[in-house]
Amino acid sequence: MAKPKVAFYWNASCGGCEEAVVDLAEDILKVVEAVDIIFWPVALDFKRSDIEAMDDGEIAVSFINGAIRTEEQEEMVKLLRRKSGLVVAFGSCAHIGGIPGLANFWNRDTIFERAYKEVPSVENPEGIFPRTETQLGNESLTLPEFHNTVRTLGQVIDVDYYLPGCAPPPESIMDAVTAILEGKLPEKGTVLAPDKSLCDTCPRTESKPEKISIKEIKRPHEITPDPEKCFLEEGIICLGPATRSGCGERCINANMPCRGCFGPITGVGDHGARSLSFIASILGLEDEKKMTEEDVQGLIDKIADPAGLFYMYSLPSSLLKRRKMV
Amino acid sequence: MQKRITIDPITRLEGHGKIEIFLDDAGDVKNAFFQIPELRGFEKFAEGRLVEEMPRITPKICGVCPTAHHMASGKCVDAVYGVEPPPAAKKIRELVNSAFMTEDHALHFFFLGGPDFVVGPTAPKAERNILGVLGKVGLEVGTQVIQMRKRLRNIITTIGGKVIHPVCNIPGGVSRGPTKEERDEFLKVGKDAVEFGLFSLEVFNDVVLGNKDYVDLIVGDIYKHKTYYMGLVDENNKVNLFDGKIRVVDPEGKEFAKFPVSDYLNHIAEHVEPWSYIKFPYLKKVGWKGFVDGKDSGVYRVSPLARLNAADGMATPLAQEQYEKMFETLGGKPAHNTLAWHWARLIEMLYAAERLVELASDDEILSDEIRRIPNNTPDEGMGVVEAPRGTLIHHYKTDKRGRVEKCNLIVATLGNSAAMCMSVEKAARGLIKGGRVDDGILNMVEMAFRAYDPCMACATHSLLNTPLIDVVLRRPDGEEIMRLFREDNGNIRKIEK
Ligand code: SF4
Ligand code: SF4
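Every residue gets a number counted from 1 within its own chain, in the order that chain's sequence is written. Throughout, the order in which chains and ligands are written sets their labels, letters from A for the former and numbers from 1 for the latter. Confidence filtering applies because this is a predicted model: local features only for residues at pLDDT of at least 70, side-chain atom pairs given and counted only at 80 or more, and all residues used for totals across whole chains, interfaces and linings.

## Details of the overall build of chain B
Move 1: In terms of regular secondary structure, chain B is built from 15 helices and 19 strands.
Move 2: Restricting the contact set of chain B to residue pairs at least 6 apart, pairs at least 24 apart contribute 68%. Numbering of helices and strands runs from the N terminus; a helix is a DSSP stretch of H or I covering at least four residues, while a strand is a stretch of E covering at least two. The contact criterion used is a C-beta to C-beta distance within 7 Å, with each C-beta placed from the backbone.

## Structural notes on helix H6 (residues 108-118) of chain A
Helical periodicity: at 3.6 residues per turn, an α-helix aligns residues three or four positions apart in one direction.
Move 1: To assign burial, the other C-beta atoms lying within 10 Å of each residue's own C-beta are counted, with C-beta atoms placed from the backbone; 20 or more indicates buried, 12 or fewer indicates exposed, and intermediate counts indicate partly exposed. Of all the positions in H6(A), only A:Ile111, A:Phe112, A:Arg114, A:Ala115 and A:Tyr116 are classed as buried. For H6(A), the angular spread of the buried residues around the axis is 165°, confining them to a single face.
Move 2: Buried residues belonging to H6(A) abut helix H1 (42-45) and strand S10 (268-272) of chain B. To be clear, the arc concerns the directions from the helix axis to the C-beta atoms.

## A short note on the pairing of strand S3 (residues 59-65) of chain A
Residues and elements named next belong to chain A.
Move 1: Burial within S3 is extensive, with six of its seven residues counted as buried.
Move 2: Of the pairings in the sheet, the one linking strand S1 (residues 5-10) to S3 comprises five bridges and is parallel in character. By the bridge assignment for S3, Tyr-9 is matched with Ile-64. Two strands qualify as a pair provided DSSP detects at least 2 bridges between them.

## What to know about the pairing of strand S8 (residues 245-249) of chain B
Residues and elements named next belong to chain B.
Move 1: Counting buried positions over the five residues of S8 gives four, a clear majority of the element.
Move 2: When strand S6 (residues 228-233) meets S8, the two strands line up antiparallel, connected through five bridges. Residue pairing in the sheet places Gly-231 in a bridge with Arg-247 of S8.
Move 3: Hairpin connection, S8 to strand S9 (residues 255-259): the antiparallel pair is bridged by five residues, and Gly-253 has positive phi, about 95°.

## Quick word on the site of ligand 1
Move 1: Taken together, 15 residues form the shell around ligand 1, and within it A:Cys199, A:Cys202, A:Cys230, A:Cys238 and A:Gly240 come nearest.
Move 2: Here the term charged refers only to Asp, Glu, Lys and Arg, the term nonpolar to Ala, Val, Leu, Ile, Met, Phe, Trp, Tyr, Cys and Pro, and the term polar to all other amino acids, Gly among them. Among the residues forming the shell around ligand 1, the class breakdown is 11 nonpolar, two polar and two charged. We call a residue near a molecule or strand if the C-beta atom, set from the backbone, is within 6 Å of it.

## Observations concerning the site of ligand 2
Move 1: The full set close to ligand 2 counts 14 residues, and A:Cys247, A:Cys251, A:Cys258, A:Cys261 and A:Phe262 are the nearest of them.
Move 2: Among the chains of the assembly, those with residues near ligand 2 are chains A and B.
Move 3: Partitioned by chemical class, the residues of the shell around ligand 2 number eight nonpolar, two polar and four charged.

## Here we look at the sheet that holds strand S16 (residues 404-410) of chain B
Residues and elements named next belong to chain B.
Move 1: Spatial strand order, S14-S15-S16: three strands in an open sheet with antiparallel pairing. Edge positions in the sheet fall to strand S14 (380-387) and S16, since each has one partner strand and no second. Geometrically, the sheet is characterised by an average inter-axis angle of 15° between neighbouring strands, direction not taken into account.
Move 2: By the bridge criterion, eight bridges tie S14 to strand S15 (residues 390-398) in an arrangement that is antiparallel. By the bridge assignment for S15, Gly-381 is matched with Tyr-396.
Move 3: Angles shown run from 0 to 180 degrees and are taken between the N-to-C directions of axes, each axis being a line fitted to C-alpha atoms and, for helices, limited to the stretch in contact. The strands that helix H3 (residues 66-81) touches are S14 and S15; relative to S14, the one it contacts most, it runs at about 155°.

## Overview of the confidence of the model for chain B
All names here are of chain B.
Move 1: The quantity called pLDDT is the predictor's confidence in a given residue, expressed from 0 to 100. Residue-level pLDDT values for chain B average 82, and 77% of them are 70 or greater.
Move 2: For residues 455-471, every residue scores under 50 in pLDDT, and the model assigns this stretch 73 contacts once sequence neighbours within four places are set aside.
Move 3: Predicted complex, confidence summary: ipTM 0.91, pTM 0.89.

## Side note on the packing of helix H8 (residues 180-209) of chain B against helix H12 (residues 341-360) of chain B
All names here are of chain B.
Move 1: Interaxial distance between H8 and H12 falls to 8 Å at its minimum, and their mutual angle equals 160°. Overall, the two elements H8 and H12 adopt an arrangement that is roughly antiparallel. The interaxial crossing formed by H8 with H12 has left-handed handedness. Contacts from Arg-183, Phe-186, Leu-187, Gly-190, Lys-191, Ala-193, Val-194, Gly-197, Leu-198, Ser-200, Leu-201 and Phe-204 in H8 reach Trp-343, Leu-346, Met-349, Leu-350, Ala-353, Glu-354, Leu-356, Val-357 and Ala-360 in H12.
Move 2: When the residues that make up the contact of H8 with H12 are grouped by side-chain class, the tally is 15 nonpolar, three polar and three charged. Reported orientations rely on four angle classes, namely roughly parallel under 35 degrees, roughly antiparallel over 145, roughly perpendicular from 65 to 115, and oblique for the rest. Each crossing gets its handedness from the near helix: less than a right angle anticlockwise from the far helix is left-handed, clockwise is right-handed.

## Some details on the environment of B:Leu95
Residues and elements named next belong to chain B.
Move 1: Topologically, Leu-95 is positioned in helix H4 (residues 87-112).
Move 2: Leu-95 gets classed as buried once you count the C-beta atoms within 10 Å, which come to 27.
Move 3: Along the chain, Leu-95 and Leu-232 lie 137 residues apart, while their C-alpha atoms are 17 Å from each other.
Move 4: Ignoring sequence-local partners within four residues, the contact set of Leu-95 consists of Phe-186, Leu-356, Leu-359, Ala-360 and Ile-365.

## A look at the sheet that holds S3(A)
All names here are of chain A.
Move 1: Taken together, the five strands give an open sheet; going across it, the order is S2-S1-S3-S5-S9, and neighbouring strands pair in parallel fashion. Of all the strands in the sheet, the pair left with one neighbour each is strand S2 (36-37) and strand S9 (161-163).
Move 2: Sheet analysis places strand S5 (residues 84-90) next to S9, joined by three bridges and oriented parallel. Across the sheet, Val-88 pairs through a bridge with Tyr-161, a residue of S9.
Move 3: Against the sheet, helix H4 (residues 71-83) touches S1, S3 and S5, its axis set at about 135° to S5.
Move 4: Contacting S3, S5 and S9, helix H7 (residues 170-181) crosses the sheet at an angle of about 155° to S9.

This is the structure in C-alpha cells:
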C-alpha cells in the first residue's frame with residue numbers, strides 16, 4: 001500500500017512551527033517511515049504546478065501553519081484545500097490568528113508608513129514603499145499583495161482539525177499525527193488538545209480559591225510572585241481560566257502567567273471577551289457589596305491595554321476580527 | 001537575449017526569500033535581487049502594547065532565533081524602566097543565550113551549510129546533505145548532534161518555559177532561576193558541549209582544511225567581499241555575544257566606530273527598495289551607495305565572521321586558540337571570505353560552550369535575587385544582543401503607564417541582506433557565462449547564500465532531502481527556457497523546454 005501523502009505549508013508565520021516539528025528529534029524518523037512527505041515547510045511555491053497536477057484529495061493531510069496575510073498565501077491554501085483529504089490548522093497563528101494577528105489593530109497603510117518611512121533609522125526621503133510590481137528597464141520584479149487584515153486559516157478555507165499552541169508541543173504533534181495515521185479521528189472541527197481549561201491542569205490550581213478577590217491588578221514585573229500561588233490570587237492577569245489546556249503549563253512553569261496561545265476552551269467563540277468577563281466577574285468578588293461600578297472600572301483601568309492583553313493571540317478570530325480604521 | 005533567473009528557495013530567514021538574477025545581452029549576469037516577499041508589521045502593532053509583554057511578543061518575529069529576540073527585548077525593557085537587573089539575572093540570561101548560540105551554530109554546521117564542506121562541494125550531489133555528513137563522520141556522530149542539541153535546548157526550556165518563544169525575561173530580571181540540580185545538569189551539558197565544539201572543529205580541520213580544493217574555494221575570489229564588519233565587543237575588544245559595545249571595523253580592519261546601543265541611530269540607517277518588503281541597513285556615516293562593497297559603500301556585514309573581524313580576539317582560551325589559527329590560515333585580519341563564515345561559526349560555538357561552562361560554574365546563578373522591581377517611570381530604551389545571524393537591536397518608547405508608543409527594530413537576520421544580494425550576484429557572475437547555466441551554478445550559488453546561515457527550514461530540507469532551490473531561466477517575455485531542481489535523491493534534474 002502506498003504511504004499516505006502529507007504536506008506541510010506555512011503562511012504569515014515565524015518558523016517556530018517548523019522548529020516544533022524538528023524538535024520531534026528522533027521521532028521525526030518514525031513520521032518519515034509512515035508517510036510520504038511531499039512538502040516540507042520549505043514547500044516551494046514553484047512546486048505549485050506539481051500540486052496543481054495532482055488529483056483532488058490526493059494529499060492525505062496538509063498541516064498548514066501561519067495566519068493569512070498575502071494574496072500568495074490565500075491562493076496556495078485554497079489549492080492545498082482542494083488537493084487534500086484533511087487540513088489541519090497547525091499552531092496559534094493558523095488556529096486563532098496568533099501574535100501576527102495583533103496587526104489587525106492597524107492596516108496596510110499604517111504598517112507601511114511606520115516600517116518604511118517613520119521609524120527613526122529609515123532614510124527614505126523619496127517615500128519609497130514596496131510595490132507589488134517594480135519595473136527595472138524592461139524587466140519587472142513582483143511582490144505579493146499585502147492584505148489589510150490578518151485572517152485565520154479557518155476564515156479562508158475549510159479546516160478539519162486544529163492543533164493549538166505557540167508553538168504546539170512535540171507530544172501533541174505526535175499524538176495528532178498518530179491519531180490521523182491510525183484513522184482514530186474525532187469529530188470534524190475538533191481542537192486536538194484536552195477539553196479542559198488550563199486552570200484544571202495547572203499546578204497552582206490548589207491555591208486558586210473558589211472566589212478570588214483582586215483588590216489591585218498588578219503587572220508581572222511589579223511584584224515577585226510566589227511560585228506556588230495562583231497568579232490571579234496575586235492580582236496578576238492570567239488567561240488560564242478561559243484557555244484550553246494541553247500546553248504542559250509551560251509558561252506557568254517558568255513562573256509567568258498564561259497569555260492564551262492555546263485559544264479558548266470548547267464552546268467559547270471569543271477568547272478575549274470570555275477572559276475579560278471572567279476577570280471582571282471575579283474582581284473584588286468577596287467585597288462585592290463594597291465595590292461600586294466605579295471601583296470595578298478603576299480596577300479594569302489599571303489594565304493599561306486590555307484589548308492587547310486579552311486578545312494577544314486571538315484578535316483575528318474574535319467577534320470584532322479587527323479594529324475599525326477610518 | 002536578456003534572460004532572467006528566478007531562485008525561489010523560500011528559506012527561513014525571516015519569512016520567505018527569493019532571488020532574481022538578470023542576465024545582459026551577452027548572457028552574463030547584470031544584477032541580482034534578494035527579495036523578501038513578506039512583512040508582518042511588528043514595528044506598528046507593538047504600538048499600544050504593554051511594554052513588559054514585548055519580550056513575549058517579539059520572539060514571534062522569528063521562531064528560529066526567538067531566544068535572541070527575547071534577550072534583546074528583555075534588555076530593552078530594563079532600559080525603558082531604567083532598572084538594572086541583579087547580577088544573577090544577567091548571568092542567567094547569558095547562560096540561556098549561550099546554550100541557544102551553541103545549539104543553533106551546531107545545527108547549521110551539521111545540517112545546513114556544513115554538508116557542502118564535510119562532504120564536499122564537488123561530491124556526488126546525492127551525498128551532499130546530512131546523510132552524506134553522517135556517511136563521512138559516522139552515524140554515531142549524527143545521533144550525538146541530535147542529542148547535544150536536545151540537551152542544550154532543554155536548558156532553554158528549563159529557564160524560559162518554552163524553547164520556541166521563551167518567556168522568562170521581565171523588566172528588571174528573570175522570572176525563574178535554576179535549582180541546584182538543574183545547575184548541575186547545565187554544567188554537564190556545557191562541558192560536553194565544549195568537547196563537542198572541539199570535535200566539530202576537528203572535523204572541519206580534517207575534512208575541509210585538509211583538502212586543497214576546499215581551501216582554494218574558501219580563499220578564492222568568487223566568495224569574497226571587502227565590506228565593513230559589525231559585532232559586539234567587551235571592554236577588551238573581545239567578542240561578546242551578549243553584551244558590550246557595538247564595534248565596526250572598516251574593510252582594512254581599522255576601527256571605524258565603537259558605540260553603545262543607545263547611540264545606534266547615529267550609526268545605522270536603513271534603505272528601502274520598492275522590490276522587497278525588507279529594508280537594507282547600512283552605515284549612516286558612510287552612506288548608501290547601492291549594492292557594492294569597498295570602503296566608500298556603507299554596506300556592512302554581521303554574524304560570525306563579521307563579529308570575529310570586528311573584535312581583537314575571543315574571551316575564552318580554547319576559542320582564542322582557534323581564532324588565531326583561523327586568521328593565520330586566511331592570511332590575516334579582516335578576512336573577507338564569505339565561506340569562512342562556516343569556520344567562524346564553529347569558533348563561536350566553542351566560545352559559547354565555554355561561556356556556558358563558566359556561567360554554570362558560577363554560584364551566583366543560584367541566588368534568590370533574580371529580579372529587581374522597577375520603580376522609575378518608564379520612558380525610552382534600547383537593547384542589543386548578538387543573535388546567531390547578527391547584531392540585533394530593539395528600541396521602544398512608552399507613555400508613562402508603560403504602553404509602547406514607538407518601536408523600532410534592527411533585525412539581525414536582515415543585517416546581511418545587501419551583502420547576500422551581492423554575494424549571490426558575484427557567485428552567479430563567476431559561474432554564468434554566455435547565458436550557459438549548468439548544474440554547478442545551483443550549488444555554488446546556494447553556497448554563497450548558505451554561508452550566511454539560512455534558517456531552520458533548510459535543515460529539515462536537508463534531513464528529508466527535498467529540493468532547496470529551483471532555478472528557472474526565462475526569456476524576457478517570461479517564457480521558460482530551462483528549469484533546474486533537486487530531486488528527492490539529491491540529484492539535480494534539468495528540464496529543457
Ligand atoms: S489562573 Fe493561571 S495560575 Fe491560576 S490556576 Fe489558572 S492557569 Fe494556574
Ligand atoms: S501557558 Fe498559555 S501562553 Fe503559555 S504555552 Fe500554555 S497556553 Fe500558551
